[in-house]
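Each chain is listed here by its residues.
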Amino acid sequence: METGGNQEDSRQNNPEVTPPLIELPRFPQVSGISAVKASRLADGATAAANRVHSAPISIQSTKRVLGDHSRSWYGDEMLNASPGSEPVTTRPSVYYPQPIAKGMPYIEASSSMNYSPYRDTPPMIPKSNSLRDTRFNSFRTRASIIGRQFSFIWGERVDPEPTEPGNVSVNAAVPVDRYFDALEGPELDTLRASSLQSAFICHPSEEPVLPEDRLWPFLLRYPISSFGICLGTSSQAILWKNLATGPSIKFLHISLAVNYALWCISIAIITLVASIYSLKMIIYFEATRREYYHPVRVNFFFAPWIALLFLAMGVPPSIANTLPHALWYVLMTPIFFLELKIYGQWMSGGQRRLSKVANPSNHLSIVGNFVGALLGASMGLKEGPIFFFAVGLAHYTVLFVTLYQRLPTNETLPKELHPVFFLFVAAPSVASMAWARLQGSFDNGSRIVYFIALFLYFSLVVRVNFFRGFRFSIAWWAYTFPMTGAAIATIRYANEVNNVVTRMLAVVLSGISSLAVTCILLTTVFHAFVLRDLFPNDVAIAISNSPPQPQRWFHLRDYRPEPSIGSRIC
């Protein structure tokens, strides 16, 4: 009690001394309580004091600004002060509250309590978009903006996304002349390098609006040309259906189960490819729009509908022997509107005239007419198939001559694009079968077109350099369905002209086609899932809306031409 009185007197004489937040109790030696138990009680009191200081109460932790900066107002000198020691005199100080990180003190304080249900809860991280890469936001659709509005309605914190200087406007379409100015190569898929316009002005090289220092999101790298996989697999279902039902190939004894399996696999692949590209259209609609306005990529928008036509032609007899006529009109309607756009641009001139945009990929817009005519004639239609056959024949003649003369660029296709040369074989192969179905027999007209396709096929196969010396890419699928089309046309020709040569030719071409599709499919899976290099950054869709400003080497006013040797002598 005397000790307590001395402590009270010292506090009255020194009003500046701040009392500790919690008095540590003293444990006298009481009978029945050992020294070990007394020390445990003291440790428990110390832990309780620490919990009080760390708890998020209204009195927050403060630090001394004036005076000793290394000590707090509840420092060790106050807690360890004994009742008999001399009081510590301090100077008046100013205290500022320190902010507490969101969620952290409560989690730490609760973790020290055995009864807390949040003991194993990880620390909370404040929501922020500062760590999100916003350089791809210019290609996102406005659906993301709607999602942000819903997040705000639900009460979630939505930080404003910073605008990057390189972002492009999603409201303005890229002019067609920008594709020719910013890109180079037969497929217009490479950024143009810097060029010298005059002795004083240099056009800098094109820079993509998307970052080059990292790999883009998968959907941005997923091109429309991926539907070439669907063309290769679905055409195989037609091939094996003809091998199983052709009169001249009955000696092979091929079951229709192969056709059924390939048809189901084709449906699965088309569903997968179409689903992924649909996600791209929803999330990155700007990228899809740029592919549609691309002078070469627009031809691949025929591929999904041609693949569906192949599926309709290769349907197993066990599922359906006849198809409704409405199916043909549904599938040919989008092809018709695409042809109105593309053929009109070829004829009207301008930047998209045929002499400037002609490319082997243009055969896809021609093949759609002949495949549609073949399917319609096999379903019993007459006028519609003849109409599409006539349109396809007229434009194929013009395209064939233009590509043969190489009017657009007069340059040789690079090795990576050698597979697209096989698209020369696709159109005449399908056209011969379509005309035979329209006429009811493989007559002389069908044979003339078929022999053109067969000659083009042989002229490409004998060139070994067309199959080596370049890396694998999606363009390799251009080998598949032209080879398959030539094999199916040969089977139809063998049914009309049945002899040993035609039968062996049909078997050989069918074997080559199936082997090519199998090898390319396995290689595609290997590069897509093992090496993961099947879809590189697609710079063809990342060009800016406006050209870069030309750079001057030096100002014209500061230019002083050096005198020539003759003038110096004079």
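One can find the structure itself at the top, above this paragraph.
Residues numbered from 1 in each chain as written. Predicted model: local features only at pLDDT ≥ 70, side-chain atom pairs only at ≥ 80, totals over all residues. Heavy atoms only, no water.

(A) Molecular detail of helix α17 (residues 444-461). Over its 18 residues, α17 runs 25 Å from end to end, which matches the ideal 26 Å to within 8%, given 1.5 Å per residue. What α17 keeps buried is the set S446, Y450, A453, L454, L456, Y457 and L460. Each buried residue of α17 sits inside an arc of 160 degrees when the element is viewed along its axis, so together they form one side. Those residues of α17 that are exposed and aimed more than 90 degrees away from the buried face are N444, I448 and F455. Each element contacted by the buried residues of α17 is listed here: α15 (383-405), α16 (423-439), α18 (480-496) and α19 (500-531). (Helix = DSSP H or I, 4+ residues; strand = E, 2+ residues; numbered from the N terminus. Expected span 1.5 Å × (residues − 1). Buried < 20%, exposed > 50% of the residue type's maximum accessible area, 1.4 Å probe, protein only. Arc of directions from axis to C-beta. Contact = heavy atoms within 4.5 Å.)

(B) Geometry of the nonpolar core. With 110 residues, the main nonpolar core has L210, L220, L231, F310, V371 and F481 as its most contacted residues. It is α16 that provides the largest number of residues to this core, a total of 11 residues. With sequence-adjacent residues up to four places away left out, F310 is seen in contact with L231, S234, S235, I238, V371 and F481. Grouped together as the second largest cluster of nonpolar side chains are seven residues, V174, Y179, A540 and I543 included. (Core = buried A, V, L, I, M, F, W, Y, C linked by side-chain atoms within 4.5 Å.)

(C) Main features of a nonpolar patch on the surface. There is a patch of nonpolar side chains on the surface, built from V525, F526, F529, V530 and L531 and spanning about 500 Å² of accessible area. Inspection of the secondary structure assignment puts L531 in helix α19. (Patch = residues over 30% accessible without salt bridge, like charges linked within 9 Å, V, L, I, M, F, W, Y side chains within 5 Å. Areas by Shrake-Rupley, 256 points an atom, 1.4 Å probe, with all protein chains shown as cover. Salt bridge = Lys/Arg side-chain N within 4 Å of Asp/Glu carboxyl O.)

(D) Layout of the packing of aromatic side chains. Following the criterion strictly, the structure yields 30 aromatic pairs and no others. With a centroid separation of 5.1 Å and 85 degrees between ring planes, the pair formed by W328 and Y329 is classed as edge-to-face. Taking the relative accessible area as the measure of exposure, W328 reaches 2% and is therefore buried. A relative accessible area of 49% means that Y329 is categorised as partly exposed. Pairing F336 with F337 gives two aromatic rings, centres 5.7 Å apart and planes at 70 degrees, and the pair type is edge-to-face. Residue classification places F336 among the partly exposed positions, given a relative accessible area of 30%. An aromatic cluster of at least three residues, connected via ring pairs, comprises W328, Y329, F336, F337, F387 and F388. (Phe/Tyr/Trp six-rings, centres within 6.5 Å; stacked < 30°, edge-to-face > 60°.)

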